[in-house]
Amino acid sequence: MIHEISSATRTFLAEPAQFLVNGKWRQGSTGEIIECVDPASGQQIGSAYAAAVTDADDAVEAAKVAFDDKRWRGKTPSERQGILLRLATLIERDAQILAELETLDGGKLYGSALNGEVPHAAETFRYYAGWVTKLGGHIFEPSVPGRIYHGFTREDPVGVAALITPWNGALVSAAWKLAPALAAGCSCVLKPSEMTPLSSLYLGRIMQEAGIPDGVINILPGSGVKIGAHLVRHSTVAKVSFTGSTGVGRQLMANGAENLTRLSLELGGKSPVLIFDDADLDVAIPTAAEAIFGNAGQVCVAGSRIYAGRKVYQRVVDGLAEIALNHKVGAGLDAASTMGPLISHAHRERVRTMVDRGISDGANVVTGGACGSDDGFYFQPTVLTGAAQETEIVQEEVFGPVVAVSPFDSEAEALQMANNSRYGLAASIWTGDTSRALRLTEDLQAGIIWINDHGIPELAMPIGGVKQSGIGREHGLEGLRAYTETRSVMLRLK
Ligand code: NAD
């Protein structure tokens, strides 16, 4: 059954979407248009006006004015909490529209957008709404001989925050940044990926309706190298929170250096899945398959390297291959589809050539390994074995439904192979031996580790990378503190 797009979404898509600066929707100083293409068909489904550098300057200025006059951060914590809670409810009210936009613009399965991503975005605002009334500093007793002080710290919003998001989870990425930034009291300029601007622009409407004041939230679709880089170099931007590839993250660090701009970088991954001989394979195999085939592998924590104990290795390979073969790859609007397309033709070409190079480097194709139907940007779920650990297919992020499976003979070998990567975003350990699992968590180089699970996001648990998977954390109190400066006050008492 093909899901019928609602009339509200059709109306939204009928005209190029305008963008938000200082509470006004505008077409941009150049009138340049971004064409929004449905990855499931390759056809244009809508468009958005692209922001120009002058629009970005206006947005930053508006955010700065809003920050300085305290129209947002000056509200009581309870008022701000109430607005963020209202926003969560409005996201749920418009869940169908947002899910349809995520499916049409980002190639997601409609069911998972409607029941997974959209409610999670709402929950993110709800979670951080709760922190607004709890954030505070500490009291200290300084140890200066002969003097008595009342010492305390404050957690103040850092200022104007530029939030730069990728295409692979446009709405959720935006929520993961906007919610803590607003909870902290910052004013924001959101730059969604030029590949998937629509859900962020729609979110902007709801944010206005919820009562976020003009200028506090500005949304600028546009090119990364023009608008993104301009925001990063802007002397008024106090904080940049970026989610995207490691290569672009590196450029951001260089560009932010001039103003010593605070940076949070959520970058790429090549996350290992360690399946020991004593694992519950009935759970491990389908979860590992979902960890790499979910969202067609376009997930930062995708389990793209599987290491299986020698005794269970063949069962793991066979189980993954069977699941891969049973996937129904198709449009996200088709309820029968279990895996959608890749985001673009160019990205599919990248995935295809990486798999081809992996094969010429010695990997064996158990199943998949080629493009799917040419009506959209489909790629078959792919299981590879026999790839040497130093080859590109094992070392580099493919960002597609491609997994390399390798056997191991000991815990030490599993650990060594898992850590043999420049990335360190996520990992999972599958074993019935809790002591072994806990022992491994100390040495496994990953920002988040699941034991007997993979890929489950939890708003209370900080997430982010070690090594070249990033700097800083989202979620939890750490995620909120990414948008605050801790300042100390020492009051000398008489
Ligand atoms: P990307 O790095 O190409 O782009 C990300 C964003 O940065 C886009 O908005 C883009 O327009 C912008 N950008 C590009 N060049 C820029 C520049 N020079 N200055 C400032 N901004 C610039 O990434 P992508 O292809 O959109 O997303 C996929 C990548 O994101 C993958 O590597 C994936 O692992 C990563 N990712 C990481 C996480 C995480 O939490 N660690 C989550 C999702 C995605």
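So, here is what we can say about the structure in this document. Residue positions are counted from 1 within each chain, in the order its sequence is given. It should be noted that, the model being predicted, local features are given only for residues of pLDDT at least 70 and side-chain atom pairs only at 80 or more, the latter also being counted only at that level, while totals for whole chains, interfaces and linings use all residues. Side-chain metrics rest on all non-hydrogen atoms present in the structure, leaving aside hydrogens and water.

### So, the sheet that holds strand 20 (residues 484-492)
Worth spelling out the cut-off: The criterion for strand pairing is that DSSP finds at least two bridges linking the strands in question. A run of H or I in DSSP becomes a helix once it reaches four residues, and a run of E becomes a strand once it reaches two; helices and strands are each numbered from the N terminus.
Read from one edge to the other, the open sheet built from three strands follows the order 5-6-20, with strand pairing classed as antiparallel. At either margin of the open sheet sits one strand with a lone partner, and together these are strand 5 (139-140) and strand 20. Alignment of strand 5 against strand 6 (residues 149-157), held across two bridges, turns out to be antiparallel. Residue pairing in the sheet places I139 in a bridge with F152 of strand 6.

### Details of the sheet that holds strand 15 (residues 382-385)
How we decide: Axes here refer to lines fitted to C-alpha atoms; in helices the fit is confined to the stretch in contact. Angles between the N-to-C directions go from 0 to 180 degrees.
The strand order across the open sheet built from seven strands is 14-15-16-13-12-17-18, with neighbouring strands paired in mixed fashion. Single-partner strands in this sheet number two, and they are strand 14 (364-367) and strand 18 (448-451). Averaged over all pairs of adjacent strands, the angle between their axes in this sheet comes to 25 degrees, without regard to strand direction.

### With respect to the packing of helix 2 (residues 53-68) against helix 8 (residues 224-233)
Rule in force here: Two helices crossing with the near one rotated counterclockwise from the far one by less than a right angle form a left-handed crossing, whereas a clockwise rotation gives a right-handed crossing. Residue contacts are counted whenever heavy atoms from the two residues lie within 4.5 Å of one another. Basically, the charged four are Asp, Glu, Lys and Arg, the nonpolar ten are Ala, Val, Leu, Ile, Met, Phe, Trp, Tyr, Cys and Pro, and anything else, Gly included, counts as polar.
Direction vectors running N to C along helix 2 and helix 8 enclose 35 degrees, while the axes themselves pass 9 Å from each other. As helix 2 packs across helix 8, the resulting crossing turns out to be right-handed. Counted together, V53, A56, D57 and V60 of helix 2 and K226, I227, H230 and L231 of helix 8 form the full contact between these two elements. For the contact of helix 2 with helix 8, the residue count by class is five nonpolar, one polar and two charged.

### Description of the nonpolar core
For the record, the criterion: Take the buried residues of types Ala, Val, Leu, Ile, Met, Phe, Trp, Tyr and Cys, join any two whose side-chain atoms come within 4.5 Å, and each joined set is a nonpolar core. Three exposure classes are used, based on accessible area relative to the maximum for each residue type with a 1.4 Å probe and protein chains only: buried under 20%, partly exposed in between, and exposed over 50%.
F125, L178 and L220 are the most contacted members of the largest nonpolar core, which has 83 residues in total. Beyond its immediate stretch of four places on either side in the chain, L220 contacts F19, V21, A51, D55, A56, A59, V189, L190, K191, P192, I227 and L231. Core analysis: the second largest hydrophobic core is formed by 52 residues, V351, M354, V383 and W430 among them.

### Some points on the pattern of salt bridges
The criterion, for reference: Within this document, salt bridges are pairs made up of a side-chain nitrogen of Lys or Arg and a carboxyl oxygen of Asp or Glu, the two lying within 4 Å of each other.
Summed over all chains, the structure comprises 23 salt bridges. Put simply, D68 and K64 hold a salt bridge, and the shortest N to O gap is 3.1 Å. Note that D68 and K64 are positioned in helix 2 at a spacing of four residues, about one turn of the helix. Residues joined by salt bridges that share partners form a network here, namely R26, D55 and D58.

### Description of a nonpolar patch on the surface
Which entries qualify depends on this criterion: Residues forming no salt bridge and having over 30% relative accessible area are the ones grouped into patches, like charges within 9 Å of each other and nonpolar side chains (Val, Leu, Ile, Met, Phe, Trp, Tyr) within 5 Å. In short, Shrake-Rupley with a 1.4 Å probe defines the accessible areas, and a residue's cover is counted only from the protein chains shown.
There is a patch of nonpolar side chains on the surface, built from I148, L491 and L493 and spanning about 280 Å² of accessible area. Here L491 lies in strand 20.

### A look at the packing of aromatic side chains
Let me state the cut-off plainly: Each aromatic pair joins two rings of Phe, Tyr and Trp (for Trp, the six-membered one) with centres within 6.5 Å, and gets the label stacked for planes under 30 degrees apart, edge-to-face for over 60, and tilted for any other angle. The criterion is that NZ of a Lys, or CZ of an Arg, lies within 6 Å of the ring centre and within 35 degrees of the ring normal, and then a charge sits over that ring.
For the coordinates displayed, the defined rule picks out four aromatic pairs. Ring geometry for F12 against Y202: centres 5.3 Å apart, planes inclined by 85 degrees, an arrangement best described as edge-to-face. Of this pair, F12 sits in helix 1 (residues 7-14) while Y202 sits in helix 7 (residues 198-210); the two residues are 190 residues apart in sequence, bridging distant segments of the chain. You'll find F12 and Y202 in the same group, each marked buried. Looking at R73, its charged tip hangs above the ring of F67, at a distance of 3.9 Å from the centre. Stacked on the ring of Y483, the Lys or Arg K239 has its end atom at 5.6 Å from the ring centre.

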